[in-house]
Amino acid sequence: MKDFLLLNDFSCGYKNSFKLSDISFSVPKGDFAGIVGPNGSGKTTLLKGITGELKLFRGAVSLNTLNLSAMSLVEKARNIAVVSQFSEVADIPVEDYVLMGRLPYRTMWQFFETQNDLNVAERYMKLTNTFHLRHKLMTQLSGGELQLVSIARALTQEPKLLLLDEPTSHLDITHQVQILNLIQQLNIELNLTVLMVIHDLNLAGEYCDHLIMMKAGKVYLKGDPHEVLDYDHIEKVYNTVVITQKNPLSGKPVIFLVSGKVLSKRKNV
Amino acid sequence: MKRKYYKWGGFLILLLMLVMLAAIFSISSGELKIKLFDIPGIFRTNTGIEYSILTKIRLPRILLAFAVGGALSLTGAILQGIYRNPLVEPYTLGISGGAALGVALVIVLGVYLERGAFMLPVGGFTGASLSLILVYLLSFRRGNVNINRMLLIGVMVSFVASASMMFLMAVTTSENIHSIIFWIMGSLDEPNTTLIRITIIASLSGLLISIFFARPLNALRLGENKARNLGINSNKTIRILFLIASLLTGICVSVAGVIGFVGLIIPHIIRSLMGSDYRFLLLGSFLGGSFFLIVCDILARTIIAPNELPIGVITGIVGGVVFIIMLSKVKVAGN
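None of the values given here were measured: they were computed from a predicted structure.

(A) Fine view of the overall build of chain A. A count of helical and extended segments in chain A gives ten helices and twelve strands. For chain A, whose C-alpha radius of gyration is 20 Å, the value lies close to the compact-globule estimate of 18 Å for 269 residues. The dimensions of chain A, computed from C-alpha atoms along their principal axes, are 75 × 40 × 35 Å. Of all 269 residues assigned to chain A, the portion counted as buried reaches 48%. In chain A, the share of contacts with a sequence separation of at least 24, taken over all contacts with a separation of at least 6, comes to 66%. Counting every atom, chain A has about 12,800 Å² of accessible surface; 52% of that belongs to carbon and sulfur. For chain A, the distance from the average position of its 28 positive side-chain charges to the average position of its 27 negative side-chain charges is 6 Å.

Following this line, the structure appears as structure tokens:
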């Protein structure tokens, strides 16, 4: 399947203020795609448009050739799982939270979880290495644990597409790598299609198969990390001078930032 | 997981037993002491003054306490869930303010003198319905609900209603003021059996329908958008639950006056004991509220017998004290 997730002439946003326009791109099945771009370029708005949280002004999103705006909420939740950032956490035991991933599969009169629900939740808690946390409350978890548990809940939805909104922000490098390795593993082993908003360009380059670079509500560039993370493009989109090189081990692009002091010295020479 | 269900079952049985114990105790206590062991005999003979006291006065009262206590507490649990705010109670919505204003109007205009005491609940329910329509229309006008806006509108409607009521009290006779104040303080003394029947049916059906929404309510604990991503129609859920909660509040306030505190603290206590899973919380809060109000009613009837204290006074004092003790002793879940 070449165009698994397809956005065609997509436009969404907020009335009389920020909006996205002319967004067209596709993500093939089993791809690990990243959305990068400066603050306010519309990355999160794009995710909200795909999930249907924001109404589309124009265009369409389709998943596996099915139009998403024609899909019911339940059907959508069975196909797309979202891992968003936690702004506030409720007093819910981790196990109950993960089991909420089974909500799209409940029948009308179902009051309790089925044995299958419990099995699926257990499987993904074990896969994300959070099974030992199951009796803790969400409020007792660290930032990294919350993110892992949130991924476990998303997997419990058994989705075909996983959307992530900056899963590694506010985490130290141990957890950044742990989370992204997990997502990469899921992408490969479960052939799960992933679309991730990520701020850190180095992580984006290291992990993603394809990148979509946004600027001012439009797609500036899409392609593989080598094409997108070129110093020329980054300088234009971010208005920042950078040096790009290759990671000696992975061969993926790496971005170096340069301080103003060093830059002004260079200019004076 | 199974262990959790057993825990729920056990606690439910405990609550049911508490409700029954309180009811039995309530039926035998009062001005005329009736021994527990005599009660089956009195029902068998079904004549005499004791039989009429039991069936005409005490039983209806207990049933009303059961229904009103349960409904107020259930409403509190539902509203704290949809607003995700632990301070919300049935009276925050502005519905009770409308009901109180309706009753005050009936009293001040003297309608109840001409048409009978039945006009009081009718006035209350009319006021409640009008403010319900107002809050609903203002909150849901623009498609998606904004929870905070909805809360603010409710609070504002409350303010306007209570200010209007003060205006009425300022211009009317002291006799009318007395009636209004006594009505507001709440009473379970309701002679009209039709009203009691309506209240019982309404509160039980409210319980039944809201349990149907237990799992969507669980998801709403994460916020509307996250619930939506789990396939829950947050908007529809909030609308329906808001309607159930306001109708129940309206009916309770019209029949029994403004009995405070039940809807605020009972859901809190149940939540801190058993966690915030709505599949249990709704039923648990209902039974807890029933038990609490039956007990408070016993106190209201017996403390200064043969006179009766307004039940709102008892619920406030007992509830407040119990809650403060609980907060200082028991660790509230999550901390």
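Now that the structure has been shown, we can carry on.
(B) Quick peek at the nonpolar core. In terms of nonpolar packing, the biggest core is built from 117 residues, with Ile82, Tyr83, Phe242 and Ile259 of chain B touching the most fellow members. With 14 residues, the top contributor of residues to this core is helix H3 (residues 48–83) of chain B. The contacts of isoleucine 82 of chain B, once residues within four sequence positions are left out, are Ile147, Leu217, Leu220, Ile238, Leu241 and Phe242 of chain B. One finds Phe32, Ala154, Leu186 and Ile234 of chain A within the second-largest nonpolar core, a separate group that totals 35 residues.

(C) Region of interest: the sheet that holds strand S4 (residues 56–63) of chain A. Residue and element names in this part refer to chain A. Spatial strand order, S2-S1-S4-S5: four strands in an open sheet with antiparallel pairing. Only two strands of the sheet have a single partner each, and these edge strands are strand S2 (23–27) and strand S5 (66–67). Where S4 lies against S5, two bridges are found, and the strand directions are antiparallel. Note on S5: the bridge partner recorded for serine 62 is asparagine 67. Against the sheet, helix H1 (residues 43–51) contacts strand S1 (5–12), S2 and S4, and its axis sits at roughly 110 degrees relative to S1.

(D) Main features of the side chain of arginine 301 of chain B. Residues and elements named next belong to chain B. Following the sequence through the fold, arginine 301 ends up in helix H14 (residues 278–302). In this structure the side chain of arginine 301 is engaged in a polar contact, spanning 2.9 Å, whose partner is the side chain of serine 26. Ignoring anything within four residues of it in the chain, the contact list for arginine 301 reads Ser26, Ser29, Gly30, Arg58, Arg61, Asn307 and Glu308.

(E) Inspection of the pairing of strand S11 (residues 242–246) of chain A at higher detail. Relative to strand S12 (residues 253–257) of chain A, S11 of chain A runs antiparallel, the two being bridged by five bridges. Pairing of lysine 246 of chain A across the sheet is with proline 253 of chain A, part of S12 of chain A.

(F) Quick peek at H1 of chain A. All names here are of chain A. Counting buried residues in H1 gives seven out of nine residues, a clear majority hidden from the surface. Looking only at H1, the buried set comprises Lys43, Thr45, Leu46, Leu47, Gly49, Ile50 and Thr51. At the C-terminal side of H1, glycine 52 shows a positive phi close to 90 degrees.

(G) Spotlight on the interface of chain B and chain A. Between chain B and chain A, the contact holds 28 residues from the first and 37 residues from the second. A buried area of about 2,800 Å², summed over both sides, lies between chain B and chain A, and 55% of it is on carbon and sulfur atoms. Taking the shortest distance from any N to any O, the salt bridge between glutamate 113 of chain A and arginine 279 of chain B comes out at 3.2 Å. The interface formed by chain B and chain A includes eight residue pairs in polar contact (both at pLDDT 80 or more).

(H) Spatial organisation of the pattern of salt bridges. Per the counting criterion, the structure on display carries 16 salt bridges over all chains. The shortest N-O distance in the salt bridge between glutamate 158 of chain A and arginine 102 of chain A comes to 3.3 Å. Separated by 56 residues along the polypeptide, glutamate 158 of chain A in the loop between helix H5 (143–156) and strand S7 (161–165) and arginine 102 of chain A in the loop between helix H3 (94–99) and helix H4 (115–127) bring together distant segments of the chain. Assessed through its relative accessible area of 30%, glutamate 158 of chain A is described here as partly exposed. The salt bridge involving lysine 4 of chain B is made with aspartate 277 of chain B; its shortest N-O contact spans 3.4 Å.

(I) Up close: the sheet that holds S7 of chain A. Residues and elements named next belong to chain A. Spatially, S6-S7-S8-S3-S9-S10 is the arrangement adopted by the six strands of the open sheet, whose pairing is mixed. With one partner strand each, in any of the chains shown, strand S6 (80–83) and strand S10 (218–223) form the two edges of the open sheet. For this sheet, the mean inter-axis angle between neighbouring strands, taken without regard to orientation, is 15 degrees. Bridge analysis of S6 against S7 gives four bridges, and the strand direction is parallel. Within S7, the residue paired with alanine 81 across the bridge is leucine 162.

Rules used throughout
- Residues numbered from 1 in each chain as written.
- Chains lettered and ligands numbered in written order.
- Predicted model: local features only at pLDDT ≥ 70, side-chain atom pairs only at ≥ 80, totals over all residues.
- Heavy atoms only, no water.
- Helix = DSSP H or I, 4+ residues; strand = E, 2+ residues; numbered from the N terminus.
- Rg over C-alpha atoms; globule rule 2.2 N^0.38 Å.
- Buried < 20%, exposed > 50% of the residue type's maximum accessible area, 1.4 Å probe, protein only.
- Contact = heavy atoms within 4.5 Å.
- Areas by Shrake-Rupley, 256 points an atom, 1.4 Å probe, with all protein chains shown as cover.
- Lys, Arg positive; Asp, Glu negative; His and termini not counted.
- Charge placed at Lys NZ, Arg CZ, Asp CG, Glu CD.
- Core = buried A, V, L, I, M, F, W, Y, C linked by side-chain atoms within 4.5 Å.
- Pairing = 2+ DSSP bridges.
- Axes fitted to C-alpha atoms, helices over the stretch in contact; angles between N-to-C directions.
- Polar contact = N/O pair within 3.5 Å; in protein donor to acceptor, adjacent residues only side chain to side chain.
- Buried area = accessible area lost by both parts, 1.4 Å probe.
- Salt bridge = Lys/Arg side-chain N within 4 Å of Asp/Glu carboxyl O.

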